[in-house]
Amino acid sequence: MRRRWLAAVAITLLGVTACGGGGETKAAQSEVTVFSWWTGPGEADGLKAMREIFEKQNPNLKFIDGAVAGGSGDQAKALLQTKLQGGEPPDSFQGHAGAELQGYIKAGQLEDLTSLYDELKLKDAFPAQLVEQISVEGKIYSVPVNIHRSNVLWFNPAVLTEAGVAGPPKTIEEFTAALEKVKATGKIPLSIGSEWTVTHLLENVLLGSLGTDAYNALFKPGADWGGPAVTKALESFATILSYAGDSQDDWQPAAKQVADGQAAFNVMGDWAYGFFRNPAPNGLSKTAKKDFDWAPAPGTDGTYLWLSDSFTLPKGAKNRDGALAWLKVAAGKEGQDAFNPKKGSIPARKDADAALYTDYLGEALKDWSSDKLAGSVQHGVSVSQPWLSAINEQVGLFLGKKDVAALQKGLAEAAAANTQ
Ligand code: GAL
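Residues numbered from 1 in each chain as written. Predicted model: local features only at pLDDT ≥ 70, side-chain atom pairs only at ≥ 80, totals over all residues. Heavy atoms only, no water.

### Structural notes on the site of the ligand
Around the ligand sit 13 residues in total, of which Glu43, His96, Asp309, Lys343 and His379 are the nearest. At 2.6 Å from an oxygen atom of the ligand is found a side-chain nitrogen or oxygen belonging to Glu43. His96 places a polar side-chain atom, nitrogen or oxygen, 2.7 Å from an oxygen atom of the ligand. Looking at side-chain class alone, the shell around the ligand contains 5 nonpolar, 5 polar and 3 charged residues. (Near = heavy atom within 4 Å. Polar contact = N/O pair within 3.5 Å; in protein donor to acceptor, adjacent residues only side chain to side chain. Nonpolar A, V, L, I, M, F, W, Y, C, P; charged D, E, K, R; others polar.)

Structure follows, in structure tokens:
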């Protein structure tokens with residue numbers, strides 16, 4: 001599957017080179033390159049829906065899809081850094097609200113979008129706490145297009161029944177008991193994707209084990225990563241991970257194992273919902289509550305472990321006006337209501353058409369308005385990119401050695417090095 005996406009990316013990149021070469025400013029002015037990592041099954045559908053609105057509203061502009069494959073942007077973000085440092089930014093790029101975006105802002109790589117916010121009255125459209133995550137010193141630097149939930153436990157109801165598990169586990173202890181029961185049936189208890197999905201699991205286990213306030217405190221200066229509560233959480237993480245099947249290429253094949261009845265559980269963000277539900281060939285066309293079901297990740301009920309995709313205007317964008325046209329679509333009600341039902345996310349705007357968000361997404365909209373909030377680690381809210389790289393490195397080492405004490409030490413050092 002990964003190979004197919006890479007081929008698609010290569011074609012895209014070739015397209016960019018062919019159109020952009022020779023200093024053809026005129027061509028650059030008629031093209032808008034939008035950089036994301038939404039090439040894979042499920043995700044590409046959302047981008048396509050928003051792109052269609054952009055093309056309808058801007059018949060003179062050509063949308064160039066600069067997406068780079070790899071869930072969670074694991075490949076894309078590295079390539080983006082090279083482009084930014086080489087003075088070759090795309091016209092707009094995807095960045096997570098929170099610490100990740102703050103990194104681009106502090107590096108002076110983004111234009112201030114306050115005048116766009118004033119023109120479109122966006123401060124009234126988005127929740128205040130979200131605008132705060134994309135602002136520095138009163139200036140606002142991106143347009144959030146959605147809210148995703150990271151703490152979702154996806155499960156296959158028939159596999160649970162077969163294993164004698166009455167319903168989705170509500171606590172970490174219930175989770176390990178359920179995993180053990182599934183193991184006895186010969187099915188995969190927990191499906192897992194590439195390495196970043198293990199960090200995704202880690203943030204969920206930390207939240208489920210520590211509780212919301214202690215989890216949020218981990219990202220403040222002087223946080224106690226070395227204490228017994230984190231030790232207990234990491235021991236649970238190790239136990240849960242011991243029930244994982246073979247690592248899959250990325251999040252989609254791991255989620256698919258649940259929808260196909262090969263695996264019982266998968267802890268993944270709600271982009272999985274778009275993948276499960278969207279029609280073929282990109283989606284799996286599965287039926288909610290029958291082929292797949294969901295619950296808050298064990299121990300996290302009442303908390304929305306959130307993240308938000310936002311789009312930026314990098315300094316030095318070749319087609320600044322075209323980028324602004326894209327940002328207007330991304331910020332607008334029509335764009336968000338086309339994008340989010342397909343993407344498996346709820347809109348960042350407060351005035352979106354609630355009737356479009358049914359089933360899982362209806363529940364998500366309700367929970368977003370009432371739950372406590374905690375910021376995702378893997379998806380840019382709570383930790384900066386250097387801190388996340390250090391965490392990912394520790395998770396990678398743990399996958400080899402399975403040494404909880406070494407993991408805790410490494411995580412504590414990463415926190416100390418990245419907070420003042
Ligand atoms: C997240 C991103 C989501 C989704 C996911 C899996 O980082 O915010 O929109 O794309 O990765 O690729």
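### Section: the side chain of His96
Relative to the helices and strands, His96 resides in strand E3 (residues 92-96). Looking at His96, its side chain comes within polar contact range of the side chain of Glu100, at 2.8 Å. Within polar-contact distance, the side chain of His96 engages the backbone oxygen of His379 at 3.3 Å. Once residues within four sequence positions are removed from consideration, His96 is found in contact with Trp37, Lys77, Leu101, Leu307, Ser308, Asp309, Ser310, His379 and Gly380. (Helix = DSSP H or I, 4+ residues; strand = E, 2+ residues; numbered from the N terminus. Contact = heavy atoms within 4.5 Å.)

### Quick word on the pairing of strand E8 (residues 152-155)
Here is the key point about a regular strand: its side chains alternate between the two faces of the sheet. Where burial is concerned, the two faces of E8 agree: the one with Val152 and Trp154 and the one with Leu153 and Phe155 are both buried. The pairing of E8 with strand E10 (residues 263-268) spans 4 bridges and is classified as antiparallel. Residue Leu153 lies in a different strand from E10, and its bridge partner there is Val267. Alignment of E8 against strand E11 (residues 293-296), held across 4 bridges, turns out to be antiparallel. Paired with Trp154 across the strands is Trp294, a residue of E11. (Buried < 20%, exposed > 50% of the residue type's maximum accessible area, 1.4 Å probe, protein only. Pairing = 2+ DSSP bridges.)

### Points about the pattern of salt bridges
Any two side chains of opposite charge can pair if their charged atoms end up close together. As enumerated under the stated definition, the model contains 19 salt bridges in all. In the salt-bridge network here, residues are joined through shared partners; they are Arg149, Asp367 and Asp371. (Salt bridge = Lys/Arg side-chain N within 4 Å of Asp/Glu carboxyl O.)

### Some thoughts on unusual backbone geometry
The omega torsion of the bond from Ala280 to Pro281 falls at 10 degrees, within 30 degrees of zero and hence cis. One can find Pro281 in the loop between helix H15 (271-277) and E11. Positive phi values are uncommon outside glycine, yet Ser285 reaches one of about 55 degrees. Here Ser285 lies in the loop between H15 and E11. Overall, the relative accessible area of 44% leaves Ser285 in the partly exposed class.

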